[in-house]
Amino acid sequence: MLPHGMLQQWILAYDQPSLLDSALPELALVLNASHCWLFVGLEESQPLASWPQDADHQALFSHADLLLKNHVLVQSGILHTLNNQPNLHICRLSGNSAQPRILVWQTPENSNRDSAQAADLSTTELSTTDLSTQVAVLLFFGQLLQKHHDDSQATSERGRRDLQEAMLANQLNDLRNQVNTIRELQQLMSAMMLCREPEELYKLAVEQLRTILPGCRSALMLYDPATGQVQGTFGTDNEGNTADERHIIYNYHDQTSEFNQALRSQDQELVIKDNAPLYTQHTIVGVGWNAMVILRDENGPIAWFALDNLLSQRPLTAAQQVLLITFSRMVSSVLVQMLREKQLRFLHEGLLAMAEADNLLLACKVAVEKIKALGVDRAAILLWDPEQQMLRGTYGCDEIGQLRNEQALTIDPYADPVIVPMLTEQDYFKVRRDAPLFNDLHLIGIGWHLSAGLWHCGRFYGAIFADNLLSRRVMTSHQQTILHLFSAVVASLMARFQSEQQLRQLNLSLDNQVQTRTQELNEANQRLLELSYHDPLTGLFNRRYFDQVISEWMAQTPAPGLILIDIDAFKAFNDIYGHPAGDECLRAFADALKAAGRGCVVSRMGGEEFSILIPADLLPQLDILIGELMNLTEQISIPHRGSPFGILTFSAGYASGEGKNSTELYRNADQALYQAKQRGRHCLVQAGTARSGQAKLAHTHRPATLTDSNQQQANQRQSAALTDGQENALPLASGT
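Residues numbered from 1 in each chain as written. Predicted model: local features only at pLDDT ≥ 70, side-chain atom pairs only at ≥ 80, totals over all residues. Heavy atoms only, no water.

Draft legend 1. Fine view of the pairing of strand β12 (residues 283–296). Where strand β11 (residues 270–280) and β12 come together, nine bridges link them in antiparallel fashion. Bridge pairing in β12 places Val271 opposite Met292. Pairing between β12 and strand β13 (residues 301–308): seven bridges, direction antiparallel. Following the sheet pairing, Ile294 is matched in β13 by Trp304. Here β12 folds back onto β13, and the loop between the two strands holds four residues, one of which, Gly300, carries a positive phi near 150 degrees. (Pairing = 2+ DSSP bridges. Helix = DSSP H or I, 4+ residues; strand = E, 2+ residues; numbered from the N terminus.)

Draft legend 2. Quick look at the nonpolar core. Within the largest apolar cluster, 38 residues are counted, with the highest numbers of intra-cluster contacts made by Met354, Ile381, Leu450, Leu483, Phe486, Val490 and Met494. Every element with two or more residues in this core is listed here: α7 (318–355), α8 (360–373), β14 (378–385), β15 (390–397), β18 (429–439), β19 (442–456), β20 (459–467) and α9 (477–533). Here this core gets ten residues from one element, more than from any other, and that element is α9. If we ignore the near neighbours within four places in the chain, the residues touching Ile381 are Cys364, Ala367, Val368, Arg392, Gly393, Thr394, Tyr395, Leu454, Ala463, Ile464, Val490 and Met494. (Core = buried A, V, L, I, M, F, W, Y, C linked by side-chain atoms within 4.5 Å. Buried < 20%, exposed > 50% of the residue type's maximum accessible area, 1.4 Å probe, protein only. Contact = heavy atoms within 4.5 Å.)

Draft legend 3. Highlighting the environment of Pro198. If you trace the backbone, Pro198 turns up in helix α5 (residues 198–212). Along the primary structure Pro198 and Met338 are separated by 140 residues, whereas in three dimensions their C-alpha atoms are 7.0 Å apart. Contact partners of Pro198, with chain neighbours within four places excluded, come to Met338, Leu339 and Lys342.

Draft legend 4. Region of the structure containing the packing of aromatic side chains. By the definition in use, this model includes eleven aromatic pairs. With 5.7 Å between their ring centres and 35 degrees between their planes, Phe305 and Phe327 make a pair best called tilted. With Phe305 in strand β13 and Phe327 in helix α7, this residue pair connects regions lying 22 residues apart in the sequence. No difference in accessibility class separates Phe305 from Phe327, as the two residues are buried. On the numbers, 5.3 Å between centres and 55 degrees between planes, the contact of Phe589 with Phe610 is tilted. Separated by 21 residues along the polypeptide, Phe589 in helix α12 (residues 579–596) and Phe610 in strand β23 (residues 609–614) bring together distant segments of the chain. We note that Phe589, like Phe610, is buried. Here the aromatic cluster, defined as three or more aromatic residues joined through ring pairs, consists of Trp384, Trp455 and Phe460. Positioned above the aromatic ring of Phe497 is the side chain of Arg496, whose terminal nitrogen or guanidinium carbon lies 4.4 Å from the ring centre. (Phe/Tyr/Trp six-rings, centres within 6.5 Å; stacked < 30°, edge-to-face > 60°. Lys NZ or Arg CZ within 6 Å of the ring centre and 35° of its normal.)

Draft legend 5. How the structure looks around the packing of helix α4 (residues 131–193) against α7. At a minimum axis distance of 11 Å, the contact between α4 and α7 shows a crossing angle of 20 degrees. Relative to α7, the element α4 is oriented roughly parallel. Note on packing geometry: the crossing formed by α4 with α7 is right-handed. Side by side, α4 and α7 meet where Thr181, Leu185, Leu188, Met189, Met192 and Met193 of the first sit next to Leu323, Thr326, Phe327, Met330, Val331, Ser333, Val334, Gln337 and Met338 of the second. Each residue belonging to the contact of α4 with α7 can be placed in one class, and the counts come to eleven nonpolar, four polar and no charged. (Axes fitted to C-alpha atoms, helices over the stretch in contact; angles between N-to-C directions. Parallel < 35°, antiparallel > 145°, perpendicular 65-115°, else oblique. Left-handed = near helix turned anticlockwise from the far one by under 90°. Nonpolar A, V, L, I, M, F, W, Y, C, P; charged D, E, K, R; others polar.)

Draft legend 6. Quick look at empty space enclosed by the protein. Throughout the structure, instances matching the rule amount to one cavity of 30 Å³ or more. In this model, the largest cavity occupies a volume close to 30 Å³. Looking at the largest cavity, the residues that line it are Met354, Leu360, Ala363, Cys364, Val490, Leu493, Met494 and Phe497. Elements supplying a minimum of two residues to the lining of the largest cavity: α8 and α9. Per element, the largest residue contribution to the lining of the largest cavity is four residues, and it comes from α9. Of the residues belonging to the lining of the largest cavity, the class tally is eight nonpolar, no polar and no charged. (1 Å grid on protein atoms, 1.4 Å probe; cavity = no way out; pocket = protein on both sides within 12 Å on 5 of 7 lines; lining within 4 Å. Points joined across faces, edges and corners; volume = space filled by probe spheres on them.)

Draft legend 7. Focus on the sheet that holds strand β10 (residues 249–251). Pairing in this open sheet of six strands is antiparallel, and the strands run β10-β7-β6-β13-β12-β11 from one edge to the other. Only two strands of the sheet have a single neighbouring strand rather than two, namely β10 and β11. Shown here is a sheet whose adjacent strand axes are inclined to one another by a mean of 30 degrees, direction ignored. As paired elements, strand β7 (residues 229–232) and β10 share three bridges and run antiparallel to each other. Bridging across to β10, Gln229 finds its partner in Asn251. The strands that α5 touches are β6 (217–224) and β13; relative to β6, the one it contacts most, it runs at about 145 degrees.

Draft legend 8. Focus on the side chain of Gln255. By secondary structure assignment, the location of Gln255 is in the loop between β10 and α6 (257–264). For Gln255, a relative accessible area of 15% puts it in the buried group. Here Asn260 takes part through its side chain, which lies 3.3 Å from a polar atom of the side chain of Gln255. (Polar contact = N/O pair within 3.5 Å; in protein donor to acceptor, adjacent residues only side chain to side chain.)

Draft legend 9. Broad picture of α8. Relative to the 20 Å expected for 14 residues at 1.5 Å per residue, α8 spans 20 Å between its end C-alpha atoms, a close match to the ideal helical length. For α8, every residue scored as buried is listed here: Leu360, Ala363, Cys364, Val366, Ala367, Val368, Lys370 and Ile371. Packing partners of the buried residues in α8 comprise α7, β14, β15, β16 (403–405), β20 and α9. Among the residues trailing α8, Gly375 stands out with phi positive, at a value near 105 degrees. (Expected span 1.5 Å × (residues − 1).)

Draft legend 10. Representation of the pattern of salt bridges in the model. Going through the model one piece at a time under the given rule, you end up with 20 salt bridges. In this structure, Asp440 engages Arg404 in a salt bridge whose closest nitrogen and oxygen atoms are separated by 2.8 Å. Residue Asp440 is found in the loop between β18 and β19, and its partner Arg404 is found in strand β16; the two are separated by 36 residues along the sequence. Two residues, Asp535 and Arg604, come together in a salt bridge whose shortest N-O distance is 3.1 Å. Here Asp535, found in the loop between α9 and α10 (543–554), pairs with Arg604, found in strand β22 (residues 601–606); they are 69 residues apart in sequence, far enough to count as distant. Overall, Arg604 belongs to the buried group, its relative accessible area being 14%. One continuous salt-bridge network, built from bridges that share partners, spans Glu157, Arg160 and Arg161. (Salt bridge = Lys/Arg side-chain N within 4 Å of Asp/Glu carboxyl O.)

Draft legend 11. View of the pairing of strand β21 (residues 561–567). β21 sits mainly inside the fold: seven of its seven residues count as buried. Every second residue of β21 is oriented toward a common face, with Gly561, Ile563, Ile565 and Ile567 on one face and Leu562, Leu564 and Asp566 on the other, all of them buried. Looking at chain direction, β21 and β23 are connected through six bridges and run antiparallel. Bridging across to β23, Ile563 finds its partner in Ile612. Two strands pair when backbone bridges link them, and β21 and strand β24 (residues 650–656) are joined in this way by seven bridges, in the antiparallel orientation. Opposite Gly561, over in β24, you have Ser656 as the bridge partner.

What follows is the structure in structure tokens.
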């Protein structure tokens with residue numbers, strides 16, 4: 001029977017360590033063990049508990065580890081002994097296959113338990129004497145171990161789930177805070193987008209920043225990278241109210257090294273300096289953290305927010321730092337967009353206002369007013385007189401910045417070293433600092449001075465001058481950029497006004513010239529068109545016109561006919577009589593062809609080759625046309641010693657376009673011309689048409705006035721052609 005009192009105590013154990021402390025001694029009594037060890041794992045066993053605690057277990061662990069590594073079968077609820085250690089026993093209590101809980105115990109050597117002898121080299125079961133009680137106790141002990149292990153795992157899992165839930169809750173709260181912050185920033189962004197002028201944006205941004213970070217002082221400082229000058233806008237006084245700080249001007253080198261290094265960096269946006277002295281108007285008013293949040297455009301820093309915790313003395317949290325960077329980026333984007341829009345608006349309005357001026361002097365007045373509206377104290381525009389080599393005044397400002405007419409002012413540019421360079425340097429634009437400032441050629445102060453040459457299309461038209469005599473404010477790079485662009489606009493308008501007078505004088509004569517030239521151009525175009533379609537030597541149509549007409553006529557029904565003509569032995573004619581005589585010969589022949597081919601398109605195809613394109617309505621008169629052609633050479637009667645006929649002759653071939661395209665028509669006529677050459681020349685071969693059961697026949701037409709000797713020569717060539725298998729040539733004495 002199981003010892004219920006002992007087992008009840010085991011059940012009451014609240015965790016695994018307390019169970020092991022109470023169970024191992026009692027388990028040793030049940031097992032009649034002198035030592036007990038409990039460990040976890042098979043491959044790499046780890047000791048879990050032992051009894052007694054002060055015993056040396058190294059040898060036992062070695063035996064047990066060796067047993068397990070030799071893959072001795074250890075089953076749950078079965079007691080085993082080692083064959084070489086009969087008083088050493090092992091039993092698997094509980095746990096999974098990878099991490100089982102193994103109990104090893106050692107009985108005294110004189111115990112009757114050692115009567116159980118090993119049956120083989122591995123293990124053997126113990127004696128069944130009281131064995132069931134031992135197994136039951138061991139299994140119950142293993143179940144309690146497993147229960148405590150499972151409870152511990154469940155507690156750990158609950159803790160892990162609770163931790164995850166808490167972390168998710170924190171993340172959800174962070175997301176809610178971020179959403180609320182984004183909404184606030186969106187509202188701030190909308191408010192800033194409504195600002196029309198940069199000064200409105202500066203003040204609003206400073207005040208909104210104090211709303212985002214209660215208890216902090218904020219100020220916005222503008223930075224000009226070109227000059228290194230820093231100029232204030234709006235800030236916060238010691239009571240937390242907005243203060244106008246536009247009078248503050250200093251060099252950025254006057255700041256601490258940490259802030260200057262951040263300005264020179266490419267990506268640093270926030271700098272925080274703890275335990276720093278806090279200032280108001282260069283006077284130390286306390287100690288706390290001081291921060292710089294840099295505003296950048298695509299080129300680098302343009303401004304920054306200066307902040308401190310003089311009023312609240314609260315630290316700046318990580319979330320507030322992220323909010324600061326986000327806010328600064330928003331202000332930077334709005335500011336850059338506003339400055340660009342203002343720049344474009346200024347140029348557009350200035351251009352429109354000057355364009356509406358009736359004359360150049362009034363346009364210069366408008367330009368000076370626009371420059372002053374940009375925040376410049378004084379400005380003036382002078383025009384260049386190329387005849388007198390002088391600069392003459394238009395409009396400018398007196399010593400108190402009032403606009404005035406300065407037409408009486410003249411300046412010798414070669415006597416002023418500031419003006420001399422702008423006479424030769426195009427796109428001249430200079431800003432001098434600590435320069436002498438003048439009024440009516442008298443020195444009245446020192447400050448920055450701007451001079452810009454008015455050049456357009458390589459011509460000098462005048463100059464713009466400006467200074468800060470009254471306010472002493474630094475000219476920002478933004479102002480310089482606008483004035484540089486504006487000077488180009490003024491120069492272009494000057495060029496326009498000076499050109500308009502010349503244009504008005506030329507308009508009347510140009511109108512007449514345009515009409516005359518238009519008429520001449522139309523006539524020239526007509527002549528060019530005619531020339532493009534005519535041969536310059538003979539006056540006949542050329543190959544270009546021939547190709548165009550034949551394509552059009554072949555698309556009609558009925559189709560036209562074509563005669564191709566080639567002057568016989570024309571190279572010999574040129575060799576004997578010379579090329580000038582050959583040209584005259586071609587002209588005479590062309591005139592005769594044109595007369596014979598009335599109503600047809602007579603063209604010179606090139607060299608001594610000609611064509612006659614016969615329209616369909618003249619094809620019934622084809623025989624008459626051929627007859628006229630055959631008697632053509634006798635009519636013009638041009639002597640030719642190189643010809644067997646003694647005069648200039650030609651060969652020709654005719655083909656009909658019926659059922660063919662333009663290429664086939666030309667090829668058939670060319671083949672007929674070739675046959676005429678083969679048949680002794682001085683003839684026209686008319687390509688025959690196929691009749692049912694007959695081959696194609698080619699008809700040969702010859703002049704009626706051939707001499708007997710020439711006729712005999714022609715007949716000999718004709719007989720030779722027949723002997724060679726050519727088609728029959730039928731001489732027609734009548735020319736038809």
